[in-house]
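# Tertiary structure, described
Take a look at the letters that make up each chain.
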Amino acid sequence: MRERSLQLLEWYDVHARSMPWRVPPADRKAGALPDPYGIWLSEVMLQQTTVAAVRDYWRKFMGLWPTVTDLAAAQDADVMAAWAGLGYYARARNLLKCARAVVADHGGVFPPDHDMLLTLPGIGPYTAAAVAAIAFDQPETVLDGNVERVMARLYDVHTPLPAAKPELMALAKALTPQERPGDYAQAVMDLGATICTPKSPACGICPLRDDCMARIAGTAPVLPKKTPKKPVPVRRGIAYVVRRDDGAWLLETRDPKGLLGGMLGFAGSDWSDDPQPAPPLNAEWQQLDATARHTFTHFHLELTILWTRVPGNAQPARGHFVPHNDFSPTALPTVMRKVFDLVADSLPFD
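Quick caveat, the model's predicted, so the values are computed rather than measured. (Residues numbered from 1 in each chain as written. Predicted model: local features only at pLDDT ≥ 70, side-chain atom pairs only at ≥ 80, totals over all residues. Heavy atoms only, no water.)

## Side note on the overall build of the chain
For clarity, the threshold we go by: In this description a helix means any DSSP run of H or I spanning at least four residues, a strand means any run of E spanning at least two, and both kinds are numbered starting from the N terminus. For every residue, the accessible area (1.4 Å probe, protein chains only) is compared with the maximum for its type, and the residue is labelled buried under 20%, exposed over 50%, or partly exposed between those bounds. Any pair of residues with heavy atoms lying within 4.5 Å of one another is described as a contacting pair. The Shrake-Rupley method, run with a 1.4 Å probe sphere, supplies the accessible areas, and residue values consider only the shown protein chains as cover. Charge counting treats Lys and Arg as positive and Asp and Glu as negative, with His and both chain ends excluded. Charge coordinates come from a single atom per side chain, which is NZ of Lys, CZ of Arg, CG of Asp or CD of Glu.
Counting its regular elements, the chain contains 14 helices and 7 strands. Counting all 350 residues of the chain, 48% fall into the buried class. When contacts within the chain are restricted to residue pairs at least 6 apart in sequence, those whose partners lie at least 24 apart make up 69%. Of the roughly 17000 Å² of accessible surface on the chain, 54% is carried by carbon and sulfur atoms. Averaging the coordinates of the 36 positive side-chain charges in the chain and doing the same for the 38 negative ones gives two points 5 Å apart.

Right under this line is the structure:
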């Protein structure tokens, strides 16, 4: 076991990916330490999001709020706007809750202990293990999709996911070394991301190829196996786009709970099989000849777009008008940005 871990660390010393939140292995050996706040922020952002998508968001957040104390003091709306486009917006709400708990309960310092990290809002077993290992060099086992794939192939595990998770965790834990556990955690994730990839794994250049049971058996391309997913249902809704004569846009803040909670967007109906009309004001509505489509984790969404133009004295039943100069489409969540883009492409709004 130890030999495999050392082989992987030797590979990582040469091939570690460059990431803005990562301390390179040579610098780590020289005594440089990662910023726990930056590591935690990256791990929250990386949940169900690619490294390529996260890099710029991470830099933006670190520029706006360089410490956990800065983030804790930020306005909710500002953080939600900065998060827009990254998806899974409950993460942004938990980001603020966690930052404020770190400041209020831990003096603005992340606790290095795995169990203490688990007590913080929004931090589950994976994130606690990742922060403890990468930020504090604790011998915790990190099990993400990349590591699951590496373990399933290395030991030729044919039990389908998610049932295989306990078995894969036990195998990954047995490989986690006491020496350089933070670098090892990043090494095994890098291996899965760059060599032991979902399709066409590059077995010929893998540092663990000689010990890989799936490579020897010829089963690597089909592992890990997964339980077939159920068909993704389709929900429908209505988005109401209102432009005032002075150029202002009608927006509303969604309920803090549920999808897109706390985010700013266009007024809308419920999302269901049979959405009920819920216009934010009385007006002559026209239907756009285009449908906004977006996929969430558990369903596809199709939004019919109704639009209207209203005079300056219009009084909406809900929402508020945002002056044109203060309106930023980039602050909208992705599905609402899709609505805006369709409207902007189709209508003569100046």
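After that view of the structure, there is still more to cover.
## Details of the environment of Y184
Mapped onto the fold, Y184 is located in helix α12 (residues 181-194). Using a relative accessible area of 4% as the deciding quantity, one classes Y184 as buried. Sequence separation between Y184 and A133 is 51 residues, and the spatial gap between their C-alpha atoms is 8.8 Å. Here Y184 is in contact with S5, L8, L9, M151, L175, T176 and P177, once residues within four sequence places are set aside.

## Points about unusual backbone geometry
Omega for the peptide link from L161 to P162 comes to 5°, which places this bond in the cis form. Structurally, the position occupied by P162 is in the loop between α10 (145-154) and α11 (165-175). With phi around 55°, D156 is a residue other than glycine that occupies positive phi space. Within the secondary structure layout, D156 lies in the loop between α10 and α11. At L260, a position not held by glycine, the phi torsion is positive, near 60°. Inspection of the secondary structure puts L260 in the loop between β2 (249-253) and β3 (264-265).

## Regarding the packing of aromatic side chains
For clarity, the threshold we go by: The rule is short: rings of Phe, Tyr and Trp, with Trp giving its six-membered ring, pair when the centres are within 6.5 Å, and they are stacked under 30 degrees, edge-to-face over 60, tilted in between. A ring is considered to have a charge above it if a Lys NZ or an Arg CZ atom is located within 6 Å of its centre and within 35 degrees of its normal.
Evaluated as defined, the whole model comprises 12 aromatic pairs. Residues Y37 and W40 carry aromatic rings whose centres are separated by 5.9 Å and whose planes lie at 35° to one another, so their mutual orientation is tilted. Residue Y37 and its partner W40 are located together in helix α3 (residues 36-46), separated by 3 residues, close to a single helical turn. For W40, a relative accessible area of 1% gives the class buried. Feature note: the residues W249, F266, F327 and F340 constitute an aromatic cluster, connected by ring pairs. Between R254 and the ring centre of W271, over which it is positioned, the NZ or CZ distance is 4.6 Å.

## What about the side chain of T141?
Residue position: T141 is located in the loop between α9 (125-136) and α10. Setting aside residues up to four positions removed in sequence, T141 forms contacts with A129, M169, A172, K173 and T176.

## Observations concerning the packing of α10 against α11
Rules: Orientation is described by lines fitted to C-alpha atoms, with helices fitted over the stretch in contact, and by angles between N-to-C directions that extend from 0 to 180 degrees. In these notes the angle categories are as follows: under 35 degrees is roughly parallel, over 145 is roughly antiparallel, 65 to 115 is roughly perpendicular, and the rest is oblique.
Their axes nearest at 9 Å, the elements α10 and α11 cross at an angle of 85°. Classified by the angle between their axes, α10 and α11 sit roughly perpendicular to one another. Judged by residue contacts, V147, E148, M151, A152 and L154 of α10 engage K165, L168, L171, A172 and L175 from α11.

## As for the side chain of D190
Take D190: it is sitting in helix α12. The residues touching D190, leaving out its near neighbours within four places in the chain, are W11, Y12, A16, R17, M19, R22 and I195.

## Focus on the pattern of salt bridges
Going by this rule: The term salt bridge refers to a side-chain nitrogen of Lys or Arg lying within 4 Å of a carboxyl oxygen of Asp or Glu.
Tallied over the full model, the rule gives 16 salt bridges. Of the charged contacts in the structure, one is a salt bridge between D13 and R180, with a shortest N-O distance of 2.6 Å. Note that D13 is positioned in helix α1 (residues 2-15) and R180 in the loop between α11 and α12, a separation of 167 residues in sequence. Exposure remark for D13: the relative accessible area of 29% places this residue in the partly exposed category. Of the residues examined, R180 reaches a relative accessible area of 23% and is grouped as partly exposed. R22 is the partner of D190 in a salt bridge, and the nearest nitrogen-oxygen pair spans 2.8 Å. Of this pair, D190 sits in helix α12 while R22 sits in the loop between α1 and α2 (25-29), and the two are 168 residues apart along the sequence. In this structure D190 comes out as buried when scored by relative accessible area, which is 0%. The exposure class of R22 is buried, given its relative accessible area of 10%.

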